[in-house]
Amino acid sequence: MQSSLEIRDVRKTYGPVHALHPTNLTIRAGEFLTLLGPSGSGKTTLLMAIAGFVEPSGGRMLLGGRDITALPPEKRNFGVVFQGYALFPHLTVWENVYFPLRARGMGRGEARPKVEAALDLIELGHVAGRKPSELSGGQQQRVALARALVFEPAMLLLDEPLSALDKALRKTLQAELKTIHRRIGTTFLYVTHDQEEALSMSDRVAILRDGRIQQIDSPTDLYERPRTKFVAGFLGRSNFLKGKVTGRQDGRLLLDSPYGRLEVATEEQLPAGRQVTLGLRPERIRLCRAVAADATNVVAGRVADVSYLGPVAEVEVETAGGRLGVTTLTDAGAPPVTGDVWLQWEAASAVLLQEQSNLPDGHR
């Protein structure tokens, strides 16, 4: 039976350096949770503390209510997949997958069904007799995954396991990891710096910065409703528009800005005169030659640059308030957009952003 893992005020310091500030987090039983952030954000420190390879400077970790903070790694029953695979080069694929069971005192005969089931899960039973050097990078990663799952761990910890692979292979293995997670139901805790990877694979994503969780939500909520400039800027592209509150009307906040009068749909009650920042995704902006009769937010501009990316084009538009990025579908055979244009977007398309996360060092 799967158990949730509670992280309570776990922190890690190295002298005066705070690698991880006091952090509270509940990893739900059976979920696929990704820790996402730039280098030095604390995501790997948190993962290694959970694995038992890094001793926290404070705090507790409870698995199903049982305190595992002081347990050594081998007593936690967690599977770990590293970026470098860490396969034994002198052992065959079968022997590599069998190794965790052998370390637990299980004989070959008893272990055989488990090893074969693990190899079937990753569809590599046909290479069971090969050495790691005879496998591709993708196959080696699958073997490392099978080895980490063969003893039915309480949780699987994955530290940037796909970063050494090319883009096409990463895509394939991302889909395979999602399928395996659904099939076996084991809790996955995944570390990556790749935003697309995190969005496509996870049930929830926790974004870290400077040793603190900035926001933890579903991929959809993180992308569509980021809370801070950092989250909006780190997870995809965003335009940041500054303005001053002038009032409210029909559930919308009215702003005076360098771009003109703007409206944003929000329940927040802010006083007139308050300076705010909006986040606006480039794909939420419509690029038009004429203003629609029912348009809400309208900004005049002139095309400064166009980058053709196949199905979409990224257009940079100079406006009175500054340059705005627009992502638009391309029209096969049509000439690129040039000259004077109008930018339009709905009141619900932009979100109010905070400069810093208002989450305390404890998180849900």
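Quick notes on the rules
- Residues numbered from 1 in each chain as written.
- Predicted model: local features only at pLDDT ≥ 70, side-chain atom pairs only at ≥ 80, totals over all residues.
- Heavy atoms only, no water.
- Helix = DSSP H or I, 4+ residues; strand = E, 2+ residues; numbered from the N terminus.
- Buried < 20%, exposed > 50% of the residue type's maximum accessible area, 1.4 Å probe, protein only.
- Contact = heavy atoms within 4.5 Å.
- Salt bridge = Lys/Arg side-chain N within 4 Å of Asp/Glu carboxyl O.
- Phe/Tyr/Trp six-rings, centres within 6.5 Å; stacked < 30°, edge-to-face > 60°.
- Pairing = 2+ DSSP bridges.
- Axes fitted to C-alpha atoms, helices over the stretch in contact; angles between N-to-C directions.

K.L.:
Run through the environment of K114, naming residues and quoting values.
P.N.:
You can see K114 is positioned in helix α3 (residues 108-121). On the accessibility criterion, K114 (31% relative accessible area) is partly exposed. Expressed as a C-alpha distance, the spacing of K114 and L149, which sit 35 residues apart in the sequence, is 9.7 Å. If we ignore the near neighbours within four places in the chain, the residues touching K114 are L101, M106, V150 and E152.

K.L.:
Mind laying out the pattern of salt bridges, listing which residues take part and the relevant values?
P.N.:
Pairing between side chains of opposite charge can happen when the charged atoms of each approach one another. Tallied over the full model, the rule gives 16 salt bridges. Between K114 and E152 there is a salt bridge, with its nearest N and O atoms 3.6 Å apart. Highlighted residues: K114 in helix α3 and E152 in the loop between α4 (137-149) and β7 (155-159), separated in sequence by 38 residues. In this structure, E263 and R261 form a salt bridge, with 2.7 Å as the shortest nitrogen-oxygen distance. Assessed through its relative accessible area of 12%, E263 is described here as buried. One continuous salt-bridge network, built from bridges that share partners, spans R237, E314 and E316.

K.L.:
Now, about the packing of aromatic side chains: what can you tell me, with residues and values included?
P.N.:
Counted by the stated rule, this structure contains six aromatic pairs. Judged by centre distance (6.1 Å) and plane angle (40°), the ring pair of F53 and F82 falls under tilted. Of this pair, F53 sits in the loop between α1 (43-51) and β4 (58-63) while F82 sits in the loop between β6 (78-81) and α2 (93-103), and the two are 29 residues apart along the sequence. Residue class for F53 comes out partly exposed when judged on its relative accessible area of 45%. Using a relative accessible area of 31% as the deciding quantity, one classes F82 as partly exposed.

K.L.:
Could you give an account of the sheet that holds strand β18 (residues 322-329), with specific residues and numbers?
P.N.:
The strand order β15-β19-β16-β17-β18 describes an open sheet built from five strands, whose pairing is antiparallel. What marks the edges here is a single partner per strand, and that holds for β15 (286-288) and β18. The mean inter-strand angle of the sheet, taken between neighbouring strand axes irrespective of direction, is 45°. As defined by bridge partners, strand β16 (residues 297-308) adjoins strand β17 (residues 312-319) across seven bridges and the pair is classed as antiparallel. Within the sheet, the bridge partner assigned to D305 lies in β17 and is E316.

K.L.:
Let's hear about the pairing of strand β14 (residues 275-280): which residues, and what values?
P.N.:
Of all six residues in β14, five are buried, a share of seventy percent or more. Looking at chain direction, strand β11 (residues 239-249) and β14 are connected through six bridges and run antiparallel. Each bridged residue has a counterpart across the sheet, and for K242 the counterpart in β14 is T277. Across four bridges, β14 lies against strand β20 (residues 350-353) in antiparallel orientation. Across the sheet, the residue bridging to G279 is V351, located in β20.

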